[in-house]
Amino acid sequence: MTLDLFETDDASSTGREALAPGAVVLRGFARASAVLLLAEIERIAARAPFRHMLTPGGQQMSAAMTNCGPLGWVSDRRGYRYEPADPQNGHPWPSMPESFRRLAHDAAAAAGFPGFAPDACLINRYEPGTRMSLHQDRDEPDLTAPIVSVSLGLPATFLFGGLNRGDASDRIALVHGDVVVWGGPSRLRFHGILPVQEGTHSLLGRQRINLTFRKAT
Ligand SMILES: O=C(O)CCC(=O)C(=O)O
Ligand SMILES: [Fe+2]
C-alpha cells in the first residue's frame, strides 16, 4: 500500500501516457503543488481579474481568462495577440510565480523538452457548461517550445486532434493535477475542451482551472 500525503477525492494515478510523437499526459504531475498553485492564482486574479474576452467576431469566450508573466494572451475585436499589460487596467500582468515556472519547466523536461522557459501563462477558468472549441495555439513565433497545460479542479474531456481541423480527435479524460505537454511534431495539433460537467471539487468547488504555459517570444 502506498501513502499519498496529498490525497484528495481525485483518482490518484501517476505516470505518463503518450498521445502522439511529442505529446504526453503526465498523470498527477501537479497534484502535490495544487494548494500552492491555487494560492498564487488567487493572488493573480485579485490584481488581474478573470474576464470573458471577445473573439474577433464579437462573441464572448466561454471560459473566463487572465494571465501572469511578462506577456499575456488577449483576444478582442482586433484579433488574438500577446500584450505586456492587462488591457482592462493598463498595468503589467502579475508576475509569474517561481512555483509556476518550475512546474512548467519540470513537466516539459519530463516530456522530453528540457530548458523550457515560459514567458506567458494564460489562466482559463471553466464553470460547468463552459468549453473551449477546437483550435491551434499558433500566436507564438517560436514553435520549437512546447505548450504545457495544467488541469486543476473539476475533471474535463480534452480533445486532441491532428494538424488539420477536420482530423479525428482523441478524447482524453483529465483530472485535477494532470499535465499535458505537446510540442515538436505535435506543437500545432488542434485541441479543445468539451463542456465541463456539473460537479463540485474538494479544493476548487464548481470550477476547473487550466494553466497554459507558452513561450510567446
Ligand atoms: O483548458 C484546457 O485544458 C486547454 C486550454 C487551451 O487550449 C488554451 O488555453 O489554449
Ligand atoms: Fe490551446
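Residues numbered from 1 in each chain as written. Chains lettered and ligands numbered in written order. Predicted model: local features only at pLDDT ≥ 70, side-chain atom pairs only at ≥ 80, totals over all residues. Heavy atoms only, no water.

**Topic: the sheet that holds strand E7 (residues 132-135)**
Strand pairing in a sheet relies on backbone hydrogen bonds. The paired strands run either parallel or antiparallel.
Then comes step 1: Taken in spatial order, the 4 strands line up as E7-E12-E9-E10 in an open sheet, and their pairing is antiparallel. Strands at the two margins of the open sheet, each flanked by one partner only, are E7 and strand E10 (170-174). Each strand axis lies, on average, 20° off the axis of its neighbour in the sheet, ignoring direction.
Then comes step 2: Here 2 bridges tie E7 to strand E12 (residues 191-193), and the two strands are oriented antiparallel to one another. Paired with methionine 132 across the bridge in E12 is isoleucine 193. (Pairing = 2+ DSSP bridges. Helix = DSSP H or I, 4+ residues; strand = E, 2+ residues; numbered from the N terminus. Axes fitted to C-alpha atoms, helices over the stretch in contact; angles between N-to-C directions.)

**Some thoughts on the coordination of the iron ion (ligand 2)**
Then comes step 1: In this structure, His135 (NE2), Asp137 (OD) and His191 (NE2) serve as the protein donors to the iron ion (ligand 2), at separations of 2.0 to 2.2 Å.
Then comes step 2: Counting the intervening residues between successive donors of the iron ion (ligand 2) yields the motif H-x1-D-x53-H. (Donors = N, O, S within 2.8 Å, 3.2 Å for Na, K, Ca; no water.)

**Considering the nonpolar core**
Then comes step 1: Phe100, Ile123, Leu211 and Phe213 are the most contacted members of the largest nonpolar core, which has 32 residues in total.
Then comes step 2: Residues Val25, Ala48, Ala156 and Val196 belong to the second largest nonpolar core, which totals 30 residues. (Core = buried A, V, L, I, M, F, W, Y, C linked by side-chain atoms within 4.5 Å. Buried < 20%, exposed > 50% of the residue type's maximum accessible area, 1.4 Å probe, protein only.)

**Considering the side chain of aspartate 119**
Then comes step 1: In this structure, aspartate 119 sits in the loop between helix H2 (98-110) and strand E6 (120-126).
Then comes step 2: Buried within the structure, aspartate 119 lacks any salt-bridge partner; lysine 215 is the closest side chain of opposite charge, at an N-O distance of 5.3 Å.
Then comes step 3: A polar side-chain atom of aspartate 119 sits 2.6 Å from the main-chain amide nitrogen of alanine 216.
Then comes step 4: When sequence neighbours within four positions are dropped, the list of residues in contact with aspartate 119 reads Gly69, Pro70, Leu71, Met96, Arg214, Lys215, Ala216 and Thr217. (Lys, Arg positive; Asp, Glu negative; His and termini not counted. Salt bridge = Lys/Arg side-chain N within 4 Å of Asp/Glu carboxyl O. Polar contact = N/O pair within 3.5 Å; in protein donor to acceptor, adjacent residues only side chain to side chain. Contact = heavy atoms within 4.5 Å.)

**Describing the pairing of strand E5 (residues 79-83)**
Then comes step 1: Where strand E4 (residues 72-76) meets E5, 5 bridges bridge the pair, whose relative direction is antiparallel. If you follow aspartate 76 over to E5, its bridge partner there is glycine 79.
Then comes step 2: Between E4 and E5, which pair antiparallel in sequence order, lie 2 residues.

Note that every value here comes from positions in space, so none of it alone points to a role or purpose.
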